[in-house]
Structures are given as structure tokens and as C-alpha cells.
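# Observations on the three-dimensional arrangement
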Amino acid sequence: VLQSSPKKAAVFLVGPSIQDISEQRPLNATCLVTGYNLKAFSITWKIDGKKQTAKIKTENPITNPNGTETMRSILELTEYTWNKLKLVSCEVKHACAEKPQIAETERTGRVVLFTFFLLQRIENTLWDSPPTVEVRRSPRDYLRTDGAELECLLTGFFPSNIYVKWQVNNRDVPNDQYTNEPVTSDGGKTNFSMVSRIFIQRNKWPNLKSYKCVFNQGNGERKFPENDKVLPGESMILSS
């Protein structure tokens, strides 16, 4: 619940998503501030402790139905800067307050939030683990003759943040042509799994080996299958 103190606000900071990085979208850090009379607050951006003054866009506050206000400030980052930095921080300070409220995000995506001077930490205590990947024909459509559904099974990865897409002949398949199922937990919070599925029309079967499942955990893309090996269930496709 947001306190009504005019000198305090709720401060949240979100860095670029893995999808933004993978698809070479603009890499923005967004600072979201919610409170009262936000025009009395200043926002200062820092990268590794150094104040930033360029490529910052701070929007005017908007009024929420409950009487609070929300203000957003965006720091535009280049891919070079994002890959080089260690920490981005957004400092929010009321004109009459002694200390600022700070939100920080590390390049790995781990987030530290300071709200009302209360520290909440969300940290990875385990090393990042890549998934075990299997690309195969989906068992649920072996009786179809008009096409084939390939599925990409990704299991045993950590953390849960992952971006998955498909490529054919090294070109991205439009995301409306495949389906990514939600990430699920393997009975705990240290291993995660997901499935991505793509349907391939019969006239495109000769190019079956050109389809690759691509994943990114924020440290570069990996493609599967890594070579043009026969996929499980592929013989049933080609002989249908």
C-alpha cells in the first residue's frame, strides 16, 4: 500500500528484456515512480555511479484513479554501453528530502528495489544453467498429412528468464507462426522448462533440416539442432 507521505514515492526500475537484446530493439532502462505531487521530485540516472545527462526522456506525471500520480523516465542505452556496464541506477528525490530513493538493476537482469527506504533484494543465488534442448516432431500430430508440427523442448535451465524463437535458413520466422508455451517450474525454483512449437506445411518438408530452434538467456544465441542430423520422427514426415 502506498503511503501518503508527500516526500516519499514508490520507485521501480526495469532494464532491457532478453527479447529486446536478442532482436536488437532499443535498449531502454525505465524508471517508474508512483506517489503524490511528483513535480516536486527529481530523477537522476547513473551508470556505474556516474551521473548521466544525455538520452533521457522523462514524461509528465499522470493522475491515477486513487489520487496518486505516476511518472516514467527512460534512459536510452546503446548495445555497447549495456554490454559494458555493471549497474544502472535511478535516484528519485523530493525537493525537501535529505536522501534519495534508489532503484538499481544489474546487467544480468537481477533487480534491487528501494521503496520507502526499505530494501528488497531479488538475487540469483545459483549459477545460470543452460537448457537441455531437443527438437523433434510433436507426437500429437503423427497422423496428420497436411503438414508437421515440430516442437522444441527446453528443460533444466535457470533462471526462468529465456527467449525462444525459430529460424529457417538463418532467418527469423515471424512470431505469429510459432507458439511458445509458458515457462514452468520443475518441482522447485531452481530448474525450469518450456516448449515451443511450429507447424510446417507439407510443401516445405524438403527444407525441414533448415528449421532451427534458437534460445537466448542474455548471453548470446544458440541454435538447435546444431547440425543437419535426422530429427526424431522425421522419417515419418518424409514417408507420409
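If you're wondering where the values come from, they're calculated on a predicted model, not measured in any experiment. (Residues numbered from 1 in each chain as written. Predicted model: local features only at pLDDT ≥ 70, side-chain atom pairs only at ≥ 80, totals over all residues. Heavy atoms only, no water.)

## A closer look at the overall build of the protein chain
Within the protein chain, the secondary structure is distributed over three helices and 20 strands. Taking all 240 residues of the protein chain together, 38% fall into the buried category. Counting only carbon and sulfur atoms, one obtains 49% of the accessible surface of the protein chain, whose full area is about 14,100 Å². (Helix = DSSP H or I, 4+ residues; strand = E, 2+ residues; numbered from the N terminus. Buried < 20%, exposed > 50% of the residue type's maximum accessible area, 1.4 Å probe, protein only. Areas by Shrake-Rupley, 256 points an atom, 1.4 Å probe, with all protein chains shown as cover.)

## Overview of the packing of aromatic side chains
Summed over the entire model, instances satisfying the criterion amount to three aromatic pairs. Here the aromatic rings of Phe215 and Phe224 are separated by 6.0 Å at their centres, their planes lie at 15 degrees, and the arrangement is stacked. (Phe/Tyr/Trp six-rings, centres within 6.5 Å; stacked < 30°, edge-to-face > 60°.)

## Focus on the sheet that holds strand 19 (residues 211-216)
Where strands meet in a sheet, backbone hydrogen bonds hold them as pairs that are either parallel or antiparallel. Taking strand neighbours across the sheet as the criterion, the four strands line up as 15-14-19-20 in an open arrangement whose pairing is antiparallel. What marks the edges here is a single partner per strand, and that holds for strand 15 (171-172) and strand 20 (221-224). Two strands pair when backbone bridges link them, and strand 14 (residues 163-168) and strand 15 are joined in this way by two bridges, in the antiparallel orientation. Looking across to strand 15, one finds that Gln167 is bridged to Asp172. (Pairing = 2+ DSSP bridges.)

## So, the pattern of salt bridges
Scanning the entire structure with this criterion turns up eight salt bridges. Where Glu59 meets Arg72, a salt bridge forms, and the shortest distance between an N and an O atom there is 2.8 Å. Of the two residues, Glu59 sits in the loop between strand 5 (56-58) and strand 6 (62-63) while Arg72 sits in strand 7 (residues 69-77), which places them 13 residues apart along the sequence. For Glu59, a relative accessible area of 26% corresponds to the partly exposed category. Judged by its relative accessible area of 35%, Arg72 is partly exposed. Among the salt bridges present, the one from Lys165 reaches Asp172, with a minimum N-O distance of 3.1 Å. (Salt bridge = Lys/Arg side-chain N within 4 Å of Asp/Glu carboxyl O.)

## Considering unusual backbone geometry
Looking along the chain, the bond that leaves Phe224 and enters Pro225 is cis, with omega of -5 degrees. With respect to the element layout, Pro225 can be found in the loop between strand 20 and helix 3 (234-238). Phi is positive for Asn37, which is not a glycine, with a value near 50 degrees. Judged by relative accessible area, which is 48%, Asn37 ranks as partly exposed. Although it is not a glycine, Asn169 sits at a positive phi angle of roughly 55 degrees. Structurally, Asn169 is set in the loop between strand 14 and strand 15.

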